[in-house]
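# Coordinate inspection notes
Take a look at the letters that make up each chain.
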Amino acid sequence: MADLPINPRQGRLDGQLCALAFAFSSSFACVSYSAVEKGELVVRTTRDHLFSFLSQLRDDPRYRFEQLMDVCGVDYPQRPERFDVVYNLLSVTYNRRVRVIVTTDEQAPVPSVHELWPCATWWERECYDLFGVLFSGQADLRRILTDNGFEGHPLRKDFPLTGFEQVRYDIERKQVVKEPVSLTQDFRDFDFVSPWEGMLTLPGDEKAHEVRQGMKRAN
């Protein structure tokens with residue numbers, strides 16, 4: 001068994017990301033966490049400083065994160081501030097990425113960044129629709145994937161998998177009726193284990209599994 005060959009370019013990139021992580025943590029008082037996780041630069045900041053921090057990441061010639069790739073949410077129901085709002089940025093100039101994370105709850109709004117990146121309106125609407133995260137300064141905060149009359153937010157982990165109501169045809173009444181769903185699931189706890197008899201690696205996915213686990217491969 002032999003080690004995988006070292007990629008000099010990847011080594012330089014990792015070094016640049018580590019330098020950026022140190023620069024963020026030492027230069028920005030609003031940054032509570034900055035590190036390289038599995039080859040990705042991850043930074044945590046606060047809602048109050050989000051807009052100014054992202055403005056500097058976009059405009060400062062040292063960083064040049066010109067593009068907002070997406071905004072997404074993560075739900076941790078057990079936390080007081082249950083939601084992570086994640087901003088994935090790309091620097092076309094330097095060919096590197098950063099993931100900026102803030103936390104919030106069901107009431108506290110996150111500042112909208114649509115003035116920095118107009119495309120953020122679509123991502124913020126999706127995050128609001130699926131998680132219920134509010135964005136202050138966003139004039140177009142409407143549902144984007146579910147109906148306007150939809151109740152609830154489907155990607156919250158306490159949202160029942162089968163929904164709250166079901167529609168069926170009642171033979172005796174000879175009409176379509178709407179009634180509460182009898183089979184509900186109050187909480188979803190994912191263990192990321194394959195349903196195929198506990199298989200962690202599906203057939204044909206062996207190479208990807210080895211890369212994820214950092215396993216050695218023969219030449």
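Residues numbered from 1 in each chain as written. Predicted model: local features only at pLDDT ≥ 70, side-chain atom pairs only at ≥ 80, totals over all residues. Heavy atoms only, no water.

Here we take up the overall build of the chain. In terms of helices and strands, the chain carries four helices and nine strands. Reading the chain from its N terminus to its C terminus gives the helix and strand order α-β-β-α-β-β-β-β-α-β-β-β-α. In the chain, buried positions account for 34% of the 219 residues. Residue pairs in contact within the chain that sit at least 24 positions apart in sequence constitute 48% of those at least 6 positions apart. (Helix = DSSP H or I, 4+ residues; strand = E, 2+ residues; numbered from the N terminus. Buried < 20%, exposed > 50% of the residue type's maximum accessible area, 1.4 Å probe, protein only. Contact = heavy atoms within 4.5 Å.)

Our focus in this paragraph is the packing of aromatic side chains. All told, the structure shown has seven aromatic pairs when counted by the stated rule. Pairing Phe 28 with Phe 53 gives two aromatic rings, centres 5.1 Å apart and planes at 80°, and the pair type is edge-to-face. One end of the pair, Phe 28, is in the loop between helix H1 (8-27) and strand S1 (33-37); the other, Phe 53, is in helix H2 (residues 50-59), with 25 residues separating them in the sequence. On the basis of relative accessibility, which here comes to 10%, the residue Phe 28 falls in the buried class. Exposure remark for Phe 53: the relative accessible area of 1% places this residue in the buried category. Members of the aromatic cluster, joined through ring pairs, are Phe 24, Phe 28, Phe 53 and Tyr 63. Note that Arg 125 overlies the ring of Trp 122, its terminal NZ or CZ placed 5.8 Å from the centroid. Lying across the ring of Tyr 76, Lys 157 places its NZ or CZ 5.8 Å from the centre. (Phe/Tyr/Trp six-rings, centres within 6.5 Å; stacked < 30°, edge-to-face > 60°. Lys NZ or Arg CZ within 6 Å of the ring centre and 35° of its normal.)

By the bridge criterion, three bridges tie strand S2 (residues 40-44) to strand S5 (residues 96-104) in an arrangement that is parallel. The partner of Val 42 across the bridge, within S5, is Arg 99. Bridge count between strand S4 (residues 83-91) and S5: nine bridges; the pairing is antiparallel. Residue pairing in the sheet places Asp 84 in a bridge with Thr 103 of S5. (Pairing = 2+ DSSP bridges.)

Considering the arrangement of structural elements, one finds Gln 67 in strand S3 (residues 67-75). Spatially, the C-alpha atom of Gln 67 lies 9.5 Å from that of Cys 119, the residues being 52 residues apart in sequence. Among residues more than four places away in sequence, those in contact with Gln 67 are Asn 88, Leu 89, Leu 90, Val 92 and Trp 117.

In this section: a nonpolar patch on the surface. A surface patch of nonpolar side chains, amounting to about 450 Å² of accessible area, comprises Val 167, Tyr 169, Ile 171 and Val 176. Here Val 176 lies in strand S9 (residues 175-180). (Patch = residues over 30% accessible without salt bridge, like charges linked within 9 Å, V, L, I, M, F, W, Y side chains within 5 Å. Areas by Shrake-Rupley, 256 points an atom, 1.4 Å probe, with all protein chains shown as cover. Salt bridge = Lys/Arg side-chain N within 4 Å of Asp/Glu carboxyl O.)

Once that is clear, we can look at the confidence of the model for the chain. Within the chain, residue pLDDT values average 85, and 78% of them lie at 70 or more. Taken element by element, the chain is modelled with least confidence in helix H4 (residues 206-213), mean pLDDT 70, and with most confidence in strand S6 (residues 110-111), mean pLDDT 98. Counting contacts from residues 1-5, a segment whose pLDDT is below 50, to residues more than four positions away or on other chains yields seven contacts. (pLDDT = per-residue confidence, 0-100.)

Backbone geometry places Arg 64, a non-glycine residue, at a positive phi of 55°. Relative to the assigned elements, Arg 64 resides in the loop between H2 and S3. On the basis of relative accessible area, Arg 64 is assigned to the partly exposed category, the value being 32%.

A few words now on helix H3 (residues 120-131). For H3, built from 12 residues, the straight-helix expectation of 16 Å at 1.5 Å per residue is met to within 8% by its first-to-last C-alpha distance of 16 Å. Buried within H3 are the following residues: Ala 120, Thr 121, Glu 124, Arg 125, Cys 127, Asp 129, Leu 130 and Phe 131. Those residues of H3 that are buried are in contact with S3, S4, S6 and strand S7 (135-136). Just beyond H3, the residue with positive phi is Gly 132, at close to 85°. (Expected span 1.5 Å × (residues − 1).)

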